[in-house]
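Each chain is listed here by its residues.
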Amino acid sequence: MKTNQPDPNITEYDGIRIGDMITAYHKGYHKVIGFHDLGYRDSMQVNYERVADSNGNPVKGKNSCSYKYCKKIDAQTLKADFDYELYELQRKYRVLDAILTQLEAEQNATTTN
């Protein structure tokens with residue numbers, strides 16, 4: 001009988017080890033807790049605990065997916081993701097701030113006339 005429970009005899013697969021942080025099929029950041037094989041070619045599954053969603057919000061729960069969707073991440077990769085998200089937020093802030101400034105100027109012009 002096939003199961004999605006981690007196989008205690010498998011601690012590493014395709015460069016990913018138990019305890020590694022990964023991105024996977026399901027969005028967000030996850031910690032590897034095991035592996036299980038579905039019994040056919042290229043069917044290795046990675047079991048993981050959810051740590052944070054793609055917005056950085058803490059989440060809980062467990063899931064699994066094919067190892068083919070998993071990418072090991074390290075501190076440098078996570079920092080690059082963080083820096084990109086920060087850049088995008090700052091860019092959006094500048095755009096919205098410019099729109100707000102324009103709206104306030106238009107409102108002031110119509111109330112003083």
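Residues numbered from 1 in each chain as written. Predicted model: local features only at pLDDT ≥ 70, side-chain atom pairs only at ≥ 80, totals over all residues. Heavy atoms only, no water.

**Describing the nonpolar core**
Of all hydrophobic cores here, the largest spans 12 residues; its members are Ile10, Ile16, Ile22, Ala24, Val32, Phe35, Met44, Val46, Tyr48, Cys65, Tyr67 and Cys70. Among the secondary structure elements, those contributing two or more residues to this core are β4 (29–37) and β5 (44–52). The greatest single-element share of this core, amounting to 3 residues, is contributed by β5. The contact partners of Cys65, leaving out residues within four places of it in the chain, are Ala24, Tyr25, His26, Met44, Gln45, Val46, Tyr48 and Cys70. (Core = buried A, V, L, I, M, F, W, Y, C linked by side-chain atoms within 4.5 Å. Buried < 20%, exposed > 50% of the residue type's maximum accessible area, 1.4 Å probe, protein only. Helix = DSSP H or I, 4+ residues; strand = E, 2+ residues; numbered from the N terminus. Contact = heavy atoms within 4.5 Å.)

**Remarks on the pairing of β4**
One ladder, built from 2 bridges, connects strand β3 (residues 21–23) with β4; its direction is antiparallel. Its bridge partner being in β4, Ile22 is matched across the sheet by His30. Hairpin connection, β3 to β4: the antiparallel pair is bridged by 5 residues, and Gly28 has positive phi, about 115°. Strand direction decides the pairing type here: β4 and β5, joined by 8 bridges, are antiparallel. (Pairing = 2+ DSSP bridges.)

**Some remarks on the state of the cysteines**
Tallied over the entire structure, the rule returns 0 disulfides. Cys65 takes part in no disulfide bond, and the closest cysteine sulfur to it belongs to Cys70, at a distance of 3.7 Å. By relative accessible area, which is 12% here, Cys70 ends up buried. (Disulfide = S-S within 2.5 Å.)

**Quick word on a nonpolar patch on the surface**
A cluster of nonpolar side chains, Val95, Leu96, Ile99 and Leu103, forms an exposed patch at the surface whose accessible area comes to about 370 Å². Mapping Leu96 onto the fold places it in helix α1 (residues 75–112). The exposed category is assigned to Leu96, whose relative accessible area is 56%. (Patch = residues over 30% accessible without salt bridge, like charges linked within 9 Å, V, L, I, M, F, W, Y side chains within 5 Å. Areas by Shrake-Rupley, 256 points an atom, 1.4 Å probe, with all protein chains shown as cover. Salt bridge = Lys/Arg side-chain N within 4 Å of Asp/Glu carboxyl O.)

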